[in-house]
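Here is what each chain is made of, one letter per residue.
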Amino acid sequence: MASRQKAPKNKAQDNPESDAPRPVVKPFRFGFLVHDVSRMRRTLFDEVMRSRGVTRSQWSVLATLSRVGRDGMMQVDLSRHMDVGKVTIGGLIDRLEAAGLVERRLDVDDRRARRVFITAKGFEVIAEMQKVGNKLNKSILAGVPAEHQRITEETLAQVKLNIRQMLQEQ
């Protein structure tokens, strides 16, 4: 028969100073709110896009590729741009290629290198992603006045710039 051990006592209960005020993070909510909103938004987009057969990570690859123009992008540059590992980006591209959404082609200047290009089918998915994204953003921002949206975007863009500069100084 196994003996039951009592759970250890909570030291805070034995400490008369446990009623002392504890620091509260509330004045510094900015980071928590940015993180929570970002995480929840990603979760929502994942749920909606899952039925379309595209993960958020794959969506991010397509979105990034769509911004670079008609020359495609080297896999290593894509990895750096998205701040993910080479192995991770390789797997994502493998799945996107298997789905017919991207293709790898030899680089015209360096035959050893391959560039990643969006296919016609990939551009169809991007068009769908844009529709879904616009609809979701409209719902997400319901009740937020346009002026507040503009100010929020400008504020976050400045915060991003500040952080980027701080990281470069490290």
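Residues numbered from 1 in each chain as written. Predicted model: local features only at pLDDT ≥ 70, side-chain atom pairs only at ≥ 80, totals over all residues. Heavy atoms only, no water.

1. Observations concerning the packing of helix H4 (residues 75-82) against helix H5 (residues 86-98)
Where H4 contacts H5, the two axes come as close as 9 Å, and the packing angle between them is 110 degrees. Compared by their axis directions, H4 and H5 come out roughly perpendicular. Judged by the sense of rotation from one axis to the other, the crossing of H4 with H5 is right-handed. Between H4, through Gln-75, Val-76, Leu-78, Ser-79 and Met-82, and H5, the contact on the second element is made entirely by Lys-86, Ile-89, Gly-90 and Ile-93. Taken together, the residues of the contact of H4 with H5 break down into five nonpolar, three polar and one charged. (Axes fitted to C-alpha atoms, helices over the stretch in contact; angles between N-to-C directions. Helix = DSSP H or I, 4+ residues; strand = E, 2+ residues; numbered from the N terminus. Parallel < 35°, antiparallel > 145°, perpendicular 65-115°, else oblique. Left-handed = near helix turned anticlockwise from the far one by under 90°. Contact = heavy atoms within 4.5 Å. Nonpolar A, V, L, I, M, F, W, Y, C, P; charged D, E, K, R; others polar.)

2. Focus on the environment of Val-48
Position of Val-48 relative to the elements: it lies in helix H2 (residues 29-50). With relative accessibility at 24%, the residue Val-48 sits in the partly exposed group. For the pair Val-48 and Gly-133, spaced 85 residues apart in sequence, the C-alpha separation works out to 9.5 Å. Aside from chain neighbours lying at most four places away, what touches Val-48 is Val-132 and Leu-136. (Buried < 20%, exposed > 50% of the residue type's maximum accessible area, 1.4 Å probe, protein only.)

3. Focus: the side chain of Ser-79
As for its placement among the helices and strands, Ser-79 is situated in helix H4. In this structure Ser-79 comes out as buried when scored by relative accessible area, which is 5%. Here Ser-79 is in contact with Val-84, Gly-85, Lys-86 and Ile-89, once residues within four sequence places are set aside.

4. Things to note about the nonpolar core
Within the largest apolar cluster, 24 residues are counted, with the highest numbers of intra-cluster contacts made by Val-61, Leu-62, Leu-65 and Leu-78. The set of elements that each furnish at least two residues to this core consists of H2, helix H3 (56-66), H4, H5, strand S3 (114-118) and helix H6 (120-140). For Val-61, the residues in contact, after removing those within four places along its chain, are Leu-78, Met-82, Ile-89, Leu-92 and Leu-96. (Core = buried A, V, L, I, M, F, W, Y, C linked by side-chain atoms within 4.5 Å.)

5. Remarks on the pairing of S3
In terms of residue burial, S3 counts as a mostly covered element, since four of its five residues are buried. Both strand S1 (residues 73-74) and S3 contribute to a ladder of two bridges, which runs antiparallel. Bridge pairing links Met-74 to Arg-115 in S3. (Pairing = 2+ DSSP bridges.)

6. Points about the packing of aromatic side chains
In this structure the tally under the stated criterion is one aromatic pair. Judged by centre distance (5.3 Å) and plane angle (40 degrees), the rings of Phe-45 and Trp-59 are tilted. Of this pair, Phe-45 sits in helix H2 while Trp-59 is found in helix H3, placing the two residues 14 residues apart along the sequence. As far as the burial class goes, Phe-45 and Trp-59 line up, both buried. Note that Arg-41 overlies the ring of Phe-45, its terminal NZ or CZ placed 4.3 Å from the centroid. Of note, Arg-105 hangs over the ring of Phe-117, and the distance from its end group to the ring centre comes to 3.9 Å. (Phe/Tyr/Trp six-rings, centres within 6.5 Å; stacked < 30°, edge-to-face > 60°. Lys NZ or Arg CZ within 6 Å of the ring centre and 35° of its normal.)

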